[in-house]
Amino acid sequence: MSPTNSAVEILVSSSNTLFILLGAVMVFAMHAGFAFLEVGTVRHKNQVNALVKIMTDFAISALVYFFVGYQIAYGITFFDSAAVLSQNNGYSLVKFFFLMTFAAAIPAIISGGVAERAKFYPMLVSSAIIVGVAYPFFEGIVWNGNYGFQDLLETHFGAPFHDFAGSVVVHAFGGWVALTAIVLLGTRRGRFKQGKLVAFAPSNIPFLALGAWILCIGWFGFNVMSAQTLEGISGLVAVNSLMAMVGGIITAMIFGKNDPGFIHNGPLAGLVAICAGSDIMHPIGALATGAFAGAIFTLLFTYVQQNLKNTDDVLGVWPLHGVCGAWGGIAAGIFGSESFGGLGGVSFLSQLVGSIAGIAVATISGFTVYSAIKVISGLRLNEEDEFNGADLSIHKIGSIGKE
């Protein structure tokens, strides 16, 4: 190998490592967004718990994904010397870091749905099992071709299931797992009186908005850096993410009647939906995808809150991530096709089957794990602890100190 070729290879390797590292850091920063979105939405007596859950869930996710989950998904372990692991500028390690931040989003999503009444350690154990086993099982099926599922879809429908940045693999999966926990936990006490809904208003709109802004900014790392190399980077992904985000804001504003909670979740709905097809859609298709997602979230969240009395989804994570994520998987098969101005190479039926498969694995996994934990230790705080709030009951301190 000539010195010139060697230098070029080193430059490419180091650039790719830096590129995916920046992506990992941006997605890591999104967890602050998850935290503040939940802090601003829950009541004051549960704000500390929201912050602590996101931080500890991230740590547990990193451990179980490093030692178990990454091997299940990709067949790779890190039981080698540092000399081996640092080859190619340590790209393989940073790739793990990037994908681990995706995995850690699962318990962050769940946290918002089960807020204000869930026990701390049982939910932490549940997160470890889901991130260590259930999530990487499905992740490996879609992103690593495990168990021949993608080959089967390609054989029957002409293309594998396409999920560029995780509308289904991450968001729908997390949202449907969360739904099982939400149903098993039951409704927060005081939520309904004489059959009528009692609205628990968000405790801090500025914190809620801050969380939404952090997530929106970090999402460009989530989507654009999913290329994983500089060679694969595409401005199409960035602009499609932008247009879907804008579409979600506009429809959430319209259908949410100017409610700040809806307006700040609308862009997140659009971004959830665009993950799958952000690399293949036309920007106008992305705008439509995001706009439809914003409407789905606003209308479905309102319906669930008012009509499904045993489905107390505090942040609306099931409609936001679960349903909008599934819509994103299906939308990639519509707006990603050449007939809608996309790049093609997708099959609507593959997208439909893949999205349903993600829902099925998530629902079965969630129900199995949370049902087992409920029997063993219980999932829910007792009535007194829930009344006092998770902050004092679990962490022995409130969010605002008293002088």
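Further up the page is the structure itself.
Predicted model only: the values in this text are computed from it and were never measured.

Quick look at the overall build of the chain
Next up, step 1: When helices and strands are counted, the chain shows 16 helices and 2 strands.
Next up, step 2: Here the C-alpha atoms of the chain give a radius of gyration of 21 Å, agreeing with the 22 Å that 2.2 N^0.38 yields for 403 residues.
Next up, step 3: With respect to the principal axes defined by its C-alpha atoms, the chain has extents near 75 × 50 × 40 Å.
Next up, step 4: Out of the 403 residues belonging to the chain, those deemed buried represent 57%.
Next up, step 5: Within the chain, counting contacts between residues at least 6 apart in sequence, those at least 24 apart form 80% of the total.
Next up, step 6: Each charge sign in the chain was given a centre, from 17 positive and 21 negative side chains, and these centres are 18 Å apart.

Structural notes on the packing of helix α5 (residues 105-113) against helix α8 (residues 167-185)
Next up, step 1: The geometry of α5 relative to α8 is characterised by a closest axis approach of 8 Å and an angle of 40° between their N-to-C directions. If you check the angle between α5 and α8, you find them oblique. Crossing hand, α5 versus α8: right-handed. Taken together, the residues of α8 that come into contact with α5 (itself represented by Ala-105, Ile-106, Ile-109, Ile-110 and Gly-113) are Val-170, His-171, Phe-173, Gly-174, Gly-175, Val-177, Ala-178 and Ile-182.
Next up, step 2: Residues that form the contact of α5 with α8 fall into these classes: 9 nonpolar, 4 polar and no charged.

Parameters and conventions
Residues numbered from 1 in each chain as written. Predicted model: local features only at pLDDT ≥ 70, side-chain atom pairs only at ≥ 80, totals over all residues. Heavy atoms only, no water. Helix = DSSP H or I, 4+ residues; strand = E, 2+ residues; numbered from the N terminus. Rg over C-alpha atoms; globule rule 2.2 N^0.38 Å. Buried < 20%, exposed > 50% of the residue type's maximum accessible area, 1.4 Å probe, protein only. Contact = heavy atoms within 4.5 Å. Lys, Arg positive; Asp, Glu negative; His and termini not counted. Charge placed at Lys NZ, Arg CZ, Asp CG, Glu CD. Axes fitted to C-alpha atoms, helices over the stretch in contact; angles between N-to-C directions. Parallel < 35°, antiparallel > 145°, perpendicular 65-115°, else oblique. Left-handed = near helix turned anticlockwise from the far one by under 90°. Nonpolar A, V, L, I, M, F, W, Y, C, P; charged D, E, K, R; others polar.

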